[in-house]
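# Coordinate inspection notes
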Amino acid sequence: MAANKGDSHIDDILTSEEELEKALCVLAGSDPDNCSYSKGYVKRQAVFACNTCTPNDAEPAGVCLACANKCHDGHDIFELYTKRNFRCDCGNRKFGGFQCQLNPVKEEENVRNLYNHNFSGFYCTCHRPYPDTDDQDDDEMIQCVICEDWFHSGHLGCPVVEPEELQEMVCEACMNKAPFLWTYAAHIAVPPVIHVGDAEEEVEVDIEGEDREAGQRKDEEPSSSDERTEPEEAVNRSSPGKRTHEEMTGSPAMATTKIVECKLKKLQARGLERLRRGAVFWPYSWRAELCTCTSCKRAYVAAEVQFLLDQSDTILAYEKRGLDEPFGQHPLMALMNSMDRVQQLEVIYGFNELTTSISEFLEQCASEGKTVTVEAVHQLFEELQARKRRRTSDGNQ
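Residues numbered from 1 in each chain as written. Predicted model: local features only at pLDDT ≥ 70, side-chain atom pairs only at ≥ 80, totals over all residues. Heavy atoms only, no water.

## Topic: the overall build of the protein
So the rule is basically this: A run of H or I in DSSP counts as a helix once it spans at least four residues, and a run of E counts as a strand once it spans at least two, with each numbered from the N terminus. Per-residue accessibility, obtained with a 1.4 Å probe over protein chains only, is compared with the maximum for each type, and a residue is labelled buried under 20%, exposed over 50%, and partly exposed between these values. Contact criterion: two residues are considered in contact whenever any of their non-hydrogen atoms come within 4.5 Å of each other. The Shrake-Rupley method, run with a 1.4 Å probe, gives the accessible areas here. Residue values count only the displayed protein chains as cover.
The secondary structure content of the protein amounts to 13 helices and eight strands. The burial tally for the protein puts 36% of its 397 residues in the buried class. Contacts in the protein between residues at least 24 apart in sequence constitute 70% of all its contacts with a sequence separation of at least 6. Within the structure as shown, the protein displays about 24,600 Å² of accessible surface, and the carbon and sulfur contribution to it stands at 51%.

This is the structure in structure tokens:
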């Protein structure tokens, strides 16, 4: 590549580099060489399904990144993105006589693994594959952070913000599974877009902002109960009445125990409601706003969503760990890090040109009704090599 290409072209290349790095983040957080089975139920890892070993009519099963690369090389596998608390199934009872090459000694079944129709290659409430050859619409797919199923944006039952602004999403079914989340949604979730009047105009209503202002006004109003309580407390503190058991025994354990105020009850007391319909989008910091009192923790466990209190459970946290951990660095990114800037741009430019040329080649064959032959592919790569030689020659002049 000539070193004097325009700044705008270099900006496009740098953008492609960022997109490439983001695409590798999912794989970067998982070990590409060692089966994850020995680590138990991994908090979050990249998971794959093998249609060759466990076809649709078989029991669902998932394999880790290393097994997808080593044990199932050449098989019909598809990526499931990431799954939480999952243990690699490769070579267990579900695979018949197939044995894991990396860790052959495994239990017959991982009883704590959770499966859905994604493991059979289907997604969303429409139960369709992805990519869907019968669907001509390029509909964005978004993952629910609770059930981890993927949904078409048109099937979420609510308006969707622009893809680059997407935040954590909880589908309607999971919201109803943990109904207390609707209370939080009315205060801290992304405000829904509603129709106002008869006009066909969508107006975004900042419910959270309105509620915050109402809360401030409420705080400014004097509380008669507080006014009555403070003098009574002063009298009680100075009164030489009966002492508590803790005061008599000198044990301050119960007397000094700090009671955690329930955030959920405080929000419920405000009386703000949200229509309980459709998926809900949340800001990335929403989990930190959830109540951690004993009663609420029990509710999370009962609804099987206790992982919401774990900030490291998020996809962002997983991707960050992947980029920070040495084993998580993708070989291509490691190779690029060893290059100087000119070499890096050369690689990215070549990668972009290769993918564009192949796409154009296949589209041309399809439009002309031609069969893709070995000779035609060889000719394509010869033309790419010729272009590279011409660019190198021009750059050296």
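## Focus: the pairing of strand β1 (residues 42–50)
Here is the rule we go by: For two strands to be treated as a pair, DSSP must find no fewer than two bridges joining them.
With eight of its nine residues buried, β1 lies for the most part within the structure. With seven bridges connecting them, β1 and strand β2 (residues 77–86) associate as antiparallel partners. Residue pairing in the sheet places valine 42 in a bridge with phenylalanine 86 of β2.

## Here's the deal with the environment of serine 120
Inspection of the secondary structure puts serine 120 in the loop between β2 and β3 (141–143). Sequence separation between serine 120 and threonine 54 is 66 residues; the distance between their C-alpha atoms is 8.6 Å. In contact with serine 120, not counting residues within four places along its chain, are Asn56 and Phe78.

## Remarks on the pattern of salt bridges
Going by this rule: Should a side-chain nitrogen of Lys or Arg be within 4 Å of a carboxyl oxygen of Asp or Glu, the pair is scored as a salt bridge.
Considering all chains together, one arrives at 14 salt bridges under this definition. For aspartate 132, the salt bridge is made with arginine 128, and the minimal N-O distance between the two is 2.9 Å. A salt bridge links glutamate 304 to lysine 177; its shortest N-O distance comes to 3.9 Å. With glutamate 304 in the loop between α9 (294–302) and α10 (315–324) and lysine 177 in helix α3 (residues 172–177), the pair connects residues that are 127 residues apart, well separated along the chain. Under the relative-accessibility criterion, glutamate 304 is labelled exposed at 53%. Three or more residues joined by partner-sharing salt bridges are found here, namely Arg44, Arg84, Glu148, Glu168, Arg287 and Asp313.

## Some thoughts on the environment of valine 105
Within the secondary structure, valine 105 sits in the loop between β2 and β3. For valine 105 and tyrosine 37, which are 68 residues apart along the polypeptide, the C-alpha to C-alpha distance reads 9.6 Å.

## Comments concerning the side chain of glutamate 168
Just so we agree on the cut-off: Any pair of nitrogen or oxygen atoms within 3.5 Å is treated as a polar contact; in protein, a donor-acceptor pairing is required on top of that, and neighbouring residues in sequence qualify only through side-chain atoms on both sides.
In this fold, glutamate 168 is placed in strand β5 (residues 168–170). Owing to a relative accessible area of 7%, glutamate 168 belongs among the buried residues under this scheme. Within the structure, glutamate 168 has its side chain in polar contact with the side chain of tryptophan 286 (distance 2.7 Å). Only 3.1 Å separates the side chain of glutamate 168 from the side chain of arginine 287, close enough to count as a polar contact. Once residues within four sequence positions are removed from consideration, glutamate 168 is found in contact with Val145, Val280, Phe281, Trp282, Tyr284, Trp286, Arg287 and Thr314.

## A few points about helix α4 (residues 181–188)
The element α4 is extensively covered by neighbouring structure, given that eight of its eight residues are classed as buried. Every buried residue belonging to α4 is among Leu181, Trp182, Thr183, Tyr184, Ala185, Ala186, His187 and Ile188, and all of these are buried.

## Concerning the packing of α4 against helix α8 (residues 263–270)
Put simply, the rule is: For helices, the fitted axis covers only the stretch in contact; all axes are lines through C-alpha atoms, and the angles between them, taken along N-to-C directions, range from 0 to 180 degrees. Here is the rule for angles: anything less than 35 degrees is roughly parallel, anything more than 145 is roughly antiparallel, 65 through 115 is roughly perpendicular, and the remaining ranges are oblique. Should the near helix be turned anticlockwise from the far one by less than a right angle, the crossing is termed left-handed; should it be turned clockwise, right-handed.
Between α4 and α8, the least distance of the axes is 10 Å, while the angle of their chain directions is 65°. With respect to α8, the element α4 is oriented roughly perpendicular. Handedness of the α4/α8 crossing: left-handed. Residue-level inspection shows Thr183, Tyr184 and His187 of α4 in contact with α8, the latter providing Leu264, Leu267, Gln268 and Arg270.

## Structural notes on the nonpolar core
Here is the rule: Residues belong to a common nonpolar core when they are buried Ala, Val, Leu, Ile, Met, Phe, Trp, Tyr or Cys residues joined through side-chain atoms within 4.5 Å.
Counting 48 residues, the largest nonpolar core has Ile146, Leu181, Tyr184 and Trp282 as the members making the most contacts within it. Other than its neighbours up to four places away in sequence, isoleucine 146 contacts Arg84, Val170, Cys174, Leu181, Val305, Phe307 and Leu308. In terms of nonpolar packing, the next biggest core, distinct from the first, is built from 20 residues, Val26, Cys53, Ala68 and Cys100 among them.

## Focus on the side chain of aspartate 31
Counted only if it meets this: For this count, His and the chain ends are skipped, Lys and Arg are scored as positive, and Asp and Glu as negative.
Note on placement: aspartate 31 falls in the loop between α1 (7–28) and β1. Within the buried set, aspartate 31 has no salt-bridge partner at all; the shortest N-O distance to an opposite charge, 4.3 Å, is to lysine 39. Side-chain polar atoms of aspartate 31 contact the backbone nitrogen of aspartate 33, separated by 2.9 Å. For aspartate 31, the side chain forms a polar contact with the side chain of asparagine 34, separated by 3.0 Å.

## Remarks on the packing of aromatic side chains
The condition that has to hold: The criterion for an aromatic pair is that two Phe, Tyr or Trp rings (for Trp, the six-membered ring) have centres within 6.5 Å, with stacked assigned to planes under 30 degrees apart, edge-to-face to planes over 60 apart and tilted to the rest. In this scheme, the term charge over a ring applies when either NZ of a lysine or CZ of an arginine sits within 6 Å of the ring centre and within 35 degrees of the ring normal.
One pass over the full model with this rule turns up seven aromatic pairs. Here phenylalanine 95 and phenylalanine 98 contribute two aromatic rings whose centre-to-centre distance is 6.3 Å and whose plane-to-plane angle is 35°, an arrangement assigned as tilted. Owing to a relative accessible area of 6%, phenylalanine 95 belongs among the buried residues under this scheme. Pairing phenylalanine 180 with tyrosine 300 gives two aromatic rings, centres 5.4 Å apart and planes at 65°, and the pair type is edge-to-face. In this pair, phenylalanine 180 is assigned in the loop between α3 and α4 and tyrosine 300 in helix α9, connecting sequence segments 120 residues apart. The class of tyrosine 300 is buried, set by a relative accessible area of 2%. Note that arginine 112 overlies the ring of tyrosine 41, its terminal NZ or CZ placed 4.3 Å from the centroid.

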